[in-house]
Amino acid sequence: MSPDLLAILAQPAPLVAPHLIGWTLTHHTPHGSVAIELTEVEAYAGESDPASHAWRGPTARNSVMFGPAGRLYVYLSHGLHHCANVVTGPEGEASAVLLRAGRVVAGVDVARRRRGEQVARHSLARGPGNLGQALALTRQHSGAHLLDGGPLVLSPPSRTPAAVSSGPRVGVSRAHDWPWRYWLPGDPTVSAYRRGKTADTQPVPHLPL
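Residues numbered from 1 in each chain as written. Predicted model: local features only at pLDDT ≥ 70, side-chain atom pairs only at ≥ 80, totals over all residues. Heavy atoms only, no water.

Caption draft 1: Inspection of helix 2 (residues 13-20) at higher detail. Along helix 2, the residues that are buried comprise Ala 13, Pro 14, Val 16, Ala 17 and Leu 20. One side of helix 2 carries all its buried residues, which in axial view fall inside an arc of 155°. Each element contacted by the buried residues of helix 2 is listed here: helix 1 (3-9), strand 2 (32-44), strand 4 (81-87), strand 5 (96-106) and strand 8 (181-183). (Buried < 20%, exposed > 50% of the residue type's maximum accessible area, 1.4 Å probe, protein only. Helix = DSSP H or I, 4+ residues; strand = E, 2+ residues; numbered from the N terminus. Arc of directions from axis to C-beta. Contact = heavy atoms within 4.5 Å.)

Structure representation (C-alpha cells):
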C-alpha cells in the first residue's frame, strides 16, 4: 500500500473528491478486466452531511464508511444499481466519495458485454449505476481494499487534469446545493444533472484544512 496515496485519501471527502478526477479504478475478474478513468465524483461527509448514508451514525449497511480510508463502499440503489464509493477521511469518521461517471480505458469489450452491445462507448460508465455494472461490482465488494494490489485497484493519473468543475450534487433532497460534485468539463461521459424534486438549501459546513 502506498503511504502517499493513503495520505491523500485520509482527508475529508470534499477535499479528496476533486483530486480523484482522472484516477482509474480497475477490477480484475476471471471474466476479464475493466479499467475506468473517473470523470465525475461526488463527496459525502458522513455525520455532518444530511445527504450521507452515515448522517445518523454507523449501521451494518454503512459501517465501511467509517474507515479506514482506501476501501470501497458499495450500496444498492433503488434495488437495482450497485453504486461505488471510495472511503476517505480518518478512521472512525464516516466519509466517502461517490464515483458518478468515468471513461472505460481498458476492457471495453468486457464492459460492453455487461452493459449491452448497443450502448455507446461514452455511456458505458456514465452514471453511478452504469459504472458499477461496467465494473461488475456488487455489495460483496464493499470493504475491499483499493491500494493493496488486490483485484480492485485505484491508481492516480500520470498527470493532473487541466480543469475540474464543481456544482450541486445530483438527485438528493437534503443539502443539495452543497458544491461537492466535481467533474471534467465538456467530457461526454459525465452524467446528466438532475435536481432532487424536494431539494432544500442548507449552509455548507466549514472544512478543515
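Caption draft 2: Main features of the layout of surface pockets. When its volume is computed, the largest pocket comes out at roughly 870 Å³. Secondary-structure elements contributing two or more residues to the lining of the largest pocket are strand 2, strand 3 (72-77), strand 4, strand 5 and helix 4 (128-134). Of the residues contributing to the lining of the largest pocket, the split by class is 12 nonpolar, 13 polar and seven charged. (1 Å grid on protein atoms, 1.4 Å probe; cavity = no way out; pocket = protein on both sides within 12 Å on 5 of 7 lines; lining within 4 Å. Points joined across faces, edges and corners; volume = space filled by probe spheres on them. Nonpolar A, V, L, I, M, F, W, Y, C, P; charged D, E, K, R; others polar.)

Caption draft 3: Quick peek at the environment of Gly 129. Summarising the element assignment, Gly 129 is placed in helix 4. For the pair Gly 129 and Leu 20, spaced 109 residues apart in sequence, the C-alpha separation works out to 18 Å. Those residues in contact with Gly 129 that lie beyond four places of it in its chain are His 81, His 82 and Cys 83.

Caption draft 4: Representation of the nonpolar core in the model. Counting residues in hydrophobic clusters, the biggest one holds 42 residues, and the most contacted among them are Leu 9, Leu 20, Ile 36, Val 41, Leu 99, Val 104 and Leu 154. Top element by residues in this core is strand 2. It accounts for five residues. Sequence-distant contacts of Val 41, defined by excluding residues within four places in its chain, comprise Ala 17, Leu 20, Ile 21, Val 97, Leu 98, Leu 99, Arg 100, Trp 180, Arg 181 and Tyr 182. (Core = buried A, V, L, I, M, F, W, Y, C linked by side-chain atoms within 4.5 Å.)

Caption draft 5: Spotlight on unusual backbone geometry. Residue Pro 68 is bonded to the preceding Gly 67 through a cis peptide linkage, with omega at 5°. Within the element layout of this structure, Pro 68 appears in the loop between strand 2 and strand 3. Within the chain, Ala 175 stands out as a residue other than glycine whose phi angle is a positive 50°. Looking at the secondary structure, you find Ala 175 in the loop between strand 7 (165-167) and strand 8. Judged by its relative accessible area of 0%, Ala 175 is buried.

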